[in-house]
Amino acid sequence: MNITRSLTELPSNMEDVQQKHKETLRAQTETLSVNTILMNEKVKDFLLLDRYAELTIISTVRDRTLVEHELLARGRDHEEWQEKHLRGKLEKIRTDQLFHSSFSRSKSGSGSSASVAGVAGIGKTTMVQKIVHDWATGKIYPHFQFVFSFKFRDLNMIKHRITLKELILEQYPYFGNILGEIWKNPEGLLFIFDGLDEFKGRIDFADSRRDTEPKHQCPDPEWWCEVSDIVYSLIQHKLLPGCSVLVTTRPTALHLLEKAEISVSAEILGFVGEERKEYFTRYFEDQTVAAAVFKHVKENEILYTMSYNPSYCWILVLTLGPFFTQTHRDPQRVPKTITQLYCYFIYNILKNHGREIESLREVLLRVGQMAFTGVAEKNIVFTDEDLIEYNLQPSQFLSGFLMELLEREDSARSVVYTFPHLTIQEFVAALAQFMTVDRGDIKTLLFEAHGNSDGRFEVFLRFIAGLSSPRTAWILEEFLGKFPHQTICRVIDWVKEEVKRWAGDAGSEDAQRRLLNTLHYLFESQNPLLAQQTMGPVETLSFSGLGLTPIDCAVLSHAIRLCDTIKDLDLSMCRIQCEGLQRLGPVLHKCQKLRLGHNDLGDSGVKLVSAALRNPDCKIQKLELYSVGLTDSGVEDLASALNTNPSLMDLELRQNSLTDRSVPALRRLILNLPSLKWIRMGENKFSDDGLKQLRSLRVNRPEVNVDV
């Protein structure tokens, strides 16, 4: 939008209302309410500007068909997105640019609709709050004379036909009779609708009947119609053409907008790079504590990967904070896995809210059974009827687990409940299944859950595996008693059987994914003996073609570190970049065959491989580095590393960016590496003279196959 155009002068009576509106919005948005698990304190308020940490927003949206659990999927491509941004292939967009002409596909330059997608807890609603606050305080969008913000969750309460005028007056009654004047300049209006995925009304932008059937049309702001018709007509510029609209949603509802007139599509990636640190800095008043907590998070790959998401950061700071502020806490007990983290998170709830509850264990198990049903049915919202079904009553104790949300059915306000985050629901579900002794053979449940193809049970299963470790679950025994020994044994047997089953069958992507899942179970169990027993017969690990995240690489590194039997590691075409390779670096030297082809490693990634080659205990005999972005500079480091390597026999360097400048380094490598038998260098950028020089080395080392 051309924000430099001159603004329309407002009449004095509209200036008064605009000032009143800005004051109202400023008052509504200047504080940020944060849930807490402290005793007698459900919510804590902070100044928005003190707590708001900038998020990374990109001007394109990822694959909408992704069905993985968000904790697993969200860490998957962050480094790749960041790399694309640094290379200029991906545009980062600020909140004040959502209606800027450089990002907009709007033909008119005004009246654009924008969508911002993001997973649960990523900060969509807080972003909307910041946008409204910044407009009300004059920091952004001066060309908008009025901003109206609505939550789809609140719009669900309206069951009758209504006009846009009435919709505004219900929320902002001080507009009185001047709305008619406001409609005359729609270019000065911004409407915000937060949380499309929560909307119960039907909005189908591909349904052409909305444009032909009068009952679905909303031609002016005083036309009586359904709420969904008002939203549809604003986004499609059929109502108040020229106004601008912002819609936020989880990716699960993005398909609803595929046919909509969206000028700017963006996605919140969450915290990238140093943005993660800012959250911790803003949360803790004591910066020494903030630095210590963040240092611990960054040193533990699993926790660090979680910290892209503000809601996960909230769990991290609430749980880890006491370890760095209370002197009596054992530093050896600081959580390093997600199961350990959530054990302490739940422990704090039980400690602060559970003392007054009779039969605490039974109540928690009932909450967990309800949570498990929700996981199985992909349900995250619970009603009073659900609580009654599981013999639960709202209480201060339950409020530590469940947030209350207001809805309205048939003009009567009612309360529904949701866990603060899906992972909390999954952990409580796992806890209940683990502690319920009479539920039958838990192995049957676990095999069935792992066989589910849509990933809904994956984090639940990691929690189950983690709870089998006494070192992990001990903190909860104070309130829940001893964990059933029989269940622990059955879970361990299940992990053993799954590793044995999938380690011998890596021929399909599904088998590779399930094997990777079992390695995550081994990691969460923190049971070195179990890992050694189950991985003992395994000599080959192949994940070729399967995308691996840094967290996957950390788990894989953990398994290889504990086992000395892995001889062949195939990670070709796994989309591994430097962050993932850093996690694997300490164990690469243990493998005899290392296949890393078709990964975007670059020279910095190859430098990590070179470090493994310099290890005096290096066993690498075959190294595949075809199509990894290797340049002349990287070859220098590789040749230097191989000067002292006694093991390498086969080196694959095809399809890289090597030129004649790398010939001297390759010459030293071929002549000085006594164990070398094969070196492949085809499909690089050598000149005819460079190729001639390399081929001539066959005379000096006839026993080496020099393939160029």
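Residues numbered from 1 in each chain as written. Predicted model: local features only at pLDDT ≥ 70, side-chain atom pairs only at ≥ 80, totals over all residues. Heavy atoms only, no water.

A. Spatial organisation of the overall build of the chain. Counting its secondary structure elements, the chain contains 32 helices and 18 strands. Relative to its 708 residues, the chain shows a buried fraction of 57%. About 29,700 Å² of surface is accessible on the chain, with carbon and sulfur atoms providing 48% of the total. (Helix = DSSP H or I, 4+ residues; strand = E, 2+ residues; numbered from the N terminus. Buried < 20%, exposed > 50% of the residue type's maximum accessible area, 1.4 Å probe, protein only. Areas by Shrake-Rupley, 256 points an atom, 1.4 Å probe, with all protein chains shown as cover.)

B. Main features of the side chain of glutamate 624. Residue position: glutamate 624 is located in strand S15 (residues 622-624). The contacts of glutamate 624, once residues within four sequence positions are left out, are Leu594, Arg595, Leu596, Gly597 and Glu652. (Contact = heavy atoms within 4.5 Å.)

C. Quick peek at the packing of helix H25 (residues 509-525) against helix H27 (residues 550-562). Orientation of H25 relative to H27, taken along the N-to-C sense of each, is 70 degrees, at an axis distance of 9 Å. When the axes of H25 and H27 are compared, the pair comes out roughly perpendicular. Crossing geometry of H25 relative to H27 is assigned as left-handed. Residues Arg513, Leu516, Leu519, His520, Leu522 and Phe523 of H25 form the contact with H27, whose participating residues are Ile551, Asp552, Val555, Leu556, His558 and Ala559. Looking at the contact of H25 with H27 residue by residue, the class counts come to eight nonpolar, two polar and two charged. (Axes fitted to C-alpha atoms, helices over the stretch in contact; angles between N-to-C directions. Parallel < 35°, antiparallel > 145°, perpendicular 65-115°, else oblique. Left-handed = near helix turned anticlockwise from the far one by under 90°. Nonpolar A, V, L, I, M, F, W, Y, C, P; charged D, E, K, R; others polar.)

D. View of the nonpolar core. Counting residues in each nonpolar core, the largest one holds 236 residues, and the members touching the most others are Phe175, Phe191, Leu476, Phe543 and Ile679. By residue number, the principal contributor to this core is helix H15 (residues 338-353), which donates ten residues. Sequence-distant contacts of phenylalanine 543, that is, excluding residues within four places in its chain, are made with Gln512, Leu515, Leu516, Leu519, Leu548, Leu556, Asp570, Leu571, Ser572 and Cys574. (Core = buried A, V, L, I, M, F, W, Y, C linked by side-chain atoms within 4.5 Å.)

E. Inspection of the packing of aromatic side chains at higher detail. Summed over all chains, the structure comprises 34 aromatic pairs. Taken together, Phe146, Phe148, Tyr172, Tyr174, Phe175 and Phe191 form an aromatic cluster joined through their ring pairs. When the ring centre of tryptophan 135 is taken as reference, the NZ or CZ atom of lysine 22 above it lies at 5.0 Å. Of note, arginine 276 hangs over the ring of tyrosine 304, and the distance from its end group to the ring centre comes to 4.4 Å. (Phe/Tyr/Trp six-rings, centres within 6.5 Å; stacked < 30°, edge-to-face > 60°. Lys NZ or Arg CZ within 6 Å of the ring centre and 35° of its normal.)

F. Quick look at the sheet that holds strand S7 (residues 244-249). Within the open sheet, the six strands sit side by side as S3-S8-S4-S7-S6-S5. Their pairing is mixed. In this open sheet, the two strands that pair with only one neighbour each are strand S3 (56-58) and strand S5 (146-151). On average, adjacent strands in this sheet sit at an angle of 20 degrees to one another, irrespective of strand direction. Of the pairings in the sheet, the one linking strand S6 (residues 189-194) to S7 comprises five bridges and is parallel in character. If you follow aspartate 194 over to S7, its bridge partner there is threonine 248. The sheet strands contacting helix H5 (residues 124-136) are S3, strand S4 (113-117), S5, S6, S7 and strand S8 (264-270), and the helix crosses S6 at an angle near 160 degrees. (Pairing = 2+ DSSP bridges.)

G. Main features of the environment of phenylalanine 434. On the secondary structure map, phenylalanine 434 appears in helix H19 (residues 422-435). Residues phenylalanine 434 and serine 468 lie 34 residues apart in sequence; the distance between their C-alpha atoms is 8.6 Å. Here phenylalanine 434 is in contact with Ile442, Ile464, Leu467, Ser468, Phe483, Pro484, Thr487, Ile488 and Val491, once residues within four sequence places are set aside.

H. Representation of the pattern of salt bridges. Inspection of the entire model under this criterion finds 27 salt bridges. One salt bridge connects glutamate 198 with arginine 153, and the closest N-O pair in it is separated by 2.8 Å. Of this pair, glutamate 198 sits in the loop between S6 and helix H9 (209-212) while arginine 153 sits in helix H6 (residues 152-155), and the two are 45 residues apart along the sequence. What emerges from the salt-bridge pattern is a single network uniting Asp568, Arg595, Lys622, Glu624, Asp650 and Arg680. (Salt bridge = Lys/Arg side-chain N within 4 Å of Asp/Glu carboxyl O.)

I. Seen up close, unusual backbone geometry. Non-glycine residue tyrosine 141 carries a positive phi angle of around 50 degrees. Position of tyrosine 141 among the secondary structure elements: in the loop between H5 and S5. Overall, the relative accessible area of 5% leaves tyrosine 141 in the buried class. Residues other than glycine seldom take positive phi values, yet histidine 598 does so here, at roughly 55 degrees. Residue histidine 598 is classed as partly exposed on the basis of its relative accessible area of 35%.

J. Structural detail: the sheet that holds strand S17 (residues 678-680). Spatially, seven strands are ordered S12-S13-S14-S15-S16-S17-S18 in an open sheet, and the strand pairing comes out parallel. With one partner strand each, in any of the chains shown, strand S12 (540-542) and strand S18 (705-707) form the two edges of the open sheet. In this sheet, adjacent strand axes meet at a mean angle of 0 degrees when their direction is disregarded. Sheet analysis places S15 next to strand S16 (residues 650-652), joined by three bridges and oriented parallel. Residue lysine 622 lies in a different strand from S16, and its bridge partner there is aspartate 650.

K. Structural view of helix H30 (residues 632-642). With eight of its eleven residues buried, H30 lies for the most part within the structure. Residues of H30 that are buried sit in contact with helix H29 (602-614), S16 and helix H31 (663-672).

L. Fine view of the environment of leucine 402. Among the secondary structure elements, leucine 402 is positioned in the loop between helix H18 (396-399) and strand S10 (403-409). The exposure class assigned to leucine 402 is buried, which follows from its relative accessible area of 5%. Each C-alpha atom of the pair leucine 402 and tyrosine 417 lies 5.8 Å from the other, and the pair is 15 residues apart in sequence. Dropping the residues within four chain positions of it, leucine 402 is found in contact with Met370, Tyr417, Thr418 and Phe419.

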